[in-house]
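# Chains, contacts and geometry: an overview
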Amino acid sequence: MNQDDRDKMKEEGRDHLDGGGGRDKTWPEGSGCKPGEDVPEAWGKKREDRKEKKGEKKEEKEGEEEGSEDKEKEEKKPEPWSPMKKVVVGGIIGLVLVLGIVVGVAWWMYARQFETTDDAFIDAHTERVAPQVAGRVLRVLVADNQEVKAGDPLVEVDPADFQAAVEQAEAGVAEARGKLAQAEAQKQVAQATVEQGDADVEQAKVSEENAKAQLGRYEGLSKEAQSPQRLDDLRAAARNAEAQRVAMEKKVVAEEAQVQLAQSQIVSGQADVQAAQARLDQAKLNIGYTGVRATIAGRVTNRNVQAGDYLTSGQQLMVLVPDEVWVTANYKETQLARMRVGQEVEISVDAYPDMEFRGKVDSVQKGSGAWFSLLPPENATGNYVKVVQRVPVKIVFEDRDSEAYRRLSPGMSVTPKVRIR
């Protein structure tokens with residue numbers, strides 16, 4: 001043993017058990033021996049004997065544990081089955097397999113009679129309520145999810161501005177009618193003037209004929225009986241009578257033009273009256289539009305209007321959902337081979353799993369859903385990948401008077417089963 005090993009044993013308190021068996025073996029303090037005395041050789045032998053005994057006990061313990069584990073494994077090893085037990089178990093397994101096959105075949109025979117899909121929902125023609133005139137909301141007369149009938153008032157718009165427009169239109173109608181009456185009076189005056197002119201023309205014609213007759217008779221006299229002055233006077237009278245006739249005829253033409261002008265003013269006045277009446281009718285319609293009413297019977301949904309809001313024409317106020325609903329089922333195109341109009345349908349609604357509804361196929365859409373989408377497929381461009389298309393099928397309910405039918409709402413998920421065989 002070198003010095004380093006002694007120092008290490010001294011630090012661990014085992015400096016008195018030096019394995020060398022020589023002078024370095026000393027008793028520890030308090031052992032009754034004087035320090036520095038040699039440790040008897042028997043001390044080291046006893047210590048080695050104890051170590052050997054501990055090793056033997058440990059080996060015996062490990063042997064016992066291995067024996068107990070082997071014994072437990074032998075105890076857990078299952079006993080072999082008897083022939084009768086094997087026959088019974090085999091029969092049970094065979095019976096279960098046969099029963100499974102029978103049930104599977106029966107289920108396949110039953111399921112092949114139907115075409116079903118989970119891509120289906122309740123559908124309806126909803127009515128979007130919007131005002132036809134702009135204005136401030138005076139009152140909202142309905143609440144959310146309230147039942148209404150066709151013609152019931154929903155929203156009232158302030159009618160003050162529209163009432164003023166009605167009064168203004170009424171004044172315009174009165175003014176147009178006054179102008180029309182004035183044009184008709186002017187026509188009557190012009191017509192009378194024309195009639196008077198016609199009489200004056202006739203009188204001028206008589207005077208002209210008389211003057212020409214006198215001139216003719218005087219010119220028929222002999223030269224000795226004629227007076228040059230008298231002849232000139234008769235000739236001047238005849239020309240004067242002719243000029244008066246021509247002037248009267250032109251005056252009549254002018255008066256007839258006045259009649260035509262008055263007639264055109266009457267036509268224009270009548271048009272003005274009609275336009276003013278149209279503006280009045282429109283003003284009355286607008287004041288009628290201030291009361292927004294329900295066009296169909298249904299339930300108020302998606303209401304987004306409050307008293308005091310300013311509305312614009314066409315702004316959506318709420319949606320009316322009617323009681324009449326149906327099912328739109330998007331079947332795969334491969335499921336439509338045996339589907340016909342009028343076939344019976346069993347309908348399961350996810351919202352009411354305990355209720356069962358019945359219906360029938362009403363129609364099949366002429367075209368797939370993708371064909372009428374915002375961006376229909378363009379199969380002639382790019383790389384083509386065939387995708388099974390879905391075609392909407394309309395299914396109507398049979399019992400439309402039941403309470404369960406009235407509880408259905410658009411958008412609910414359903415699972416229809418169409419009996420095709």
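The rules behind each value
- Residues numbered from 1 in each chain as written.
- Predicted model: local features only at pLDDT ≥ 70, side-chain atom pairs only at ≥ 80, totals over all residues.
- Heavy atoms only, no water.
- Helix = DSSP H or I, 4+ residues; strand = E, 2+ residues; numbered from the N terminus.
- Buried < 20%, exposed > 50% of the residue type's maximum accessible area, 1.4 Å probe, protein only.
- Contact = heavy atoms within 4.5 Å.
- Areas by Shrake-Rupley, 256 points an atom, 1.4 Å probe, with all protein chains shown as cover.
- pLDDT = per-residue confidence, 0-100.
- Lys, Arg positive; Asp, Glu negative; His and termini not counted.
- Salt bridge = Lys/Arg side-chain N within 4 Å of Asp/Glu carboxyl O.
- Core = buried A, V, L, I, M, F, W, Y, C linked by side-chain atoms within 4.5 Å.
- Patch = residues over 30% accessible without salt bridge, like charges linked within 9 Å, V, L, I, M, F, W, Y side chains within 5 Å.
- Charge placed at Lys NZ, Arg CZ, Asp CG, Glu CD.
- Phe/Tyr/Trp six-rings, centres within 6.5 Å; stacked < 30°, edge-to-face > 60°.
- Lys NZ or Arg CZ within 6 Å of the ring centre and 35° of its normal.
- Pairing = 2+ DSSP bridges.

## What about the overall build of the protein?
Helix and strand content of the protein: six helices and 15 strands. A burial count over the protein gives 24% of its 421 residues as buried. Taking contacts inside the protein between residues at least 6 apart in sequence as the whole, the part at least 24 apart equals 74%. Summing over all exposed atoms, the protein offers an accessible surface of approximately 29,100 Å²; the carbon and sulfur share of this is 51%.

## Looking at the environment of Val206
Mapped onto the secondary structure, Val206 falls in helix H4 (residues 160-219). Separated by 36 residues in sequence, Val206 and Glu242 have C-alpha atoms that sit 9.8 Å apart.

## Topic: the confidence of the model for the protein
For the protein, per-residue confidence averages 80 on the pLDDT scale, and 76% of positions sit at 70 or higher. A low-confidence stretch, residues 15-27 (pLDDT under 50), is modelled with 37 contacts involving residues beyond four sequence positions or located in other chains. The low-confidence segment residues 30-34 (pLDDT under 50) makes one contact with residues lying over four places distant or belonging to another chain.

## Re the environment of Gly411
Mapped onto the elements of the fold, Gly411 is located in the loop between helix H6 (403-406) and strand S15 (414-419). On the basis of relative accessibility, which here comes to 54%, the residue Gly411 falls in the exposed class. Between the C-alpha atoms of Gly411 and Phe121, which are 290 residues apart in sequence, the distance is 5.5 Å. Among residues more than four places away in sequence, those in contact with Gly411 are Phe121 and Ile122.

## Comments concerning the side chain of Glu346
Tracing the backbone shows Glu346 in strand S12 (residues 344-349). One buried charged side chain, Glu346, makes no salt bridge at all; its nearest oppositely charged neighbour is Arg358, positioned 4.0 Å away. Beyond its immediate chain neighbours, meaning those up to four positions away, Glu346 contacts Phe114, Phe357, Arg358, Thr415, Pro416, Lys417 and Arg419.

## What to know about the nonpolar core
Of all hydrophobic cores here, the largest spans 24 residues; its most connected members are Val327, Ile347, Phe397 and Leu408. Elements supplying a minimum of two residues to this core: strand S2 (120-123), strand S11 (326-332), S12, strand S13 (352-364), strand S14 (390-397), H6 and S15. In this view, Ile347 contacts Val327, Glu356, Phe357, Arg358, Gly359, Ile395, Phe397, Val414, Thr415 and Pro416; residues no more than four positions away in its chain are not counted. Within the second largest apolar cluster, 15 residues are counted, among which are Val137, Val157, Val292 and Leu311.

## Some thoughts on the side chain of Asn286
Within the fold, Asn286 resides in helix H5 (residues 228-289). According to the relative accessible area criterion, Asn286 is buried, its value standing at 19%. If we ignore the near neighbours within four places in the chain, the residues touching Asn286 are Val133 and Phe162.

## Side note on a negative patch on the surface
A grouping of Glu195, Asp198, Glu202 and Glu256 is seen on the molecular surface, where their side chains present a negatively charged patch. At three residues, H4 tops the list of elements feeding residues into the negative patch.

## Section: the packing of aromatic side chains
Inspection of the entire model under this criterion finds two aromatic pairs. Geometrically, the ring pair formed by Phe357 and Phe397 is edge-to-face, given 5.9 Å between the ring centres and 80° between the ring planes. Of the two residues, Phe357 is situated in strand S13 and Phe397 in strand S14; the sequence distance between them amounts to 40 residues. A relative accessible area of 6% means that Phe357 is categorised as buried. Overall, the relative accessible area of 4% leaves Phe397 in the buried class. For the pair Phe397 and Tyr405, a centre-to-centre distance of 5.5 Å together with 65° between the ring planes defines the contact as edge-to-face. Residue class for Tyr405 comes out buried when judged on its relative accessible area of 3%. Taking NZ or CZ as reference, Lys394 lies 4.4 Å from the ring centre of Trp326, over its face. Just above the ring of Phe114 sits the side chain of Lys417; from NZ or CZ to the centre is 4.8 Å.

## Some points on the sheet that holds strand S10 (residues 318-321)
Judged by pairing direction, the sheet is antiparallel, and its four strands sit side by side in the order S3-S10-S8-S5 without closing on themselves. Each having just a single partner strand, strand S3 (127-129) and strand S5 (147-148) make up the two edges of the open sheet. One ladder, built from three bridges, connects S3 with S10; its direction is antiparallel. Its bridge partner being in S10, Arg128 is matched across the sheet by Val319.

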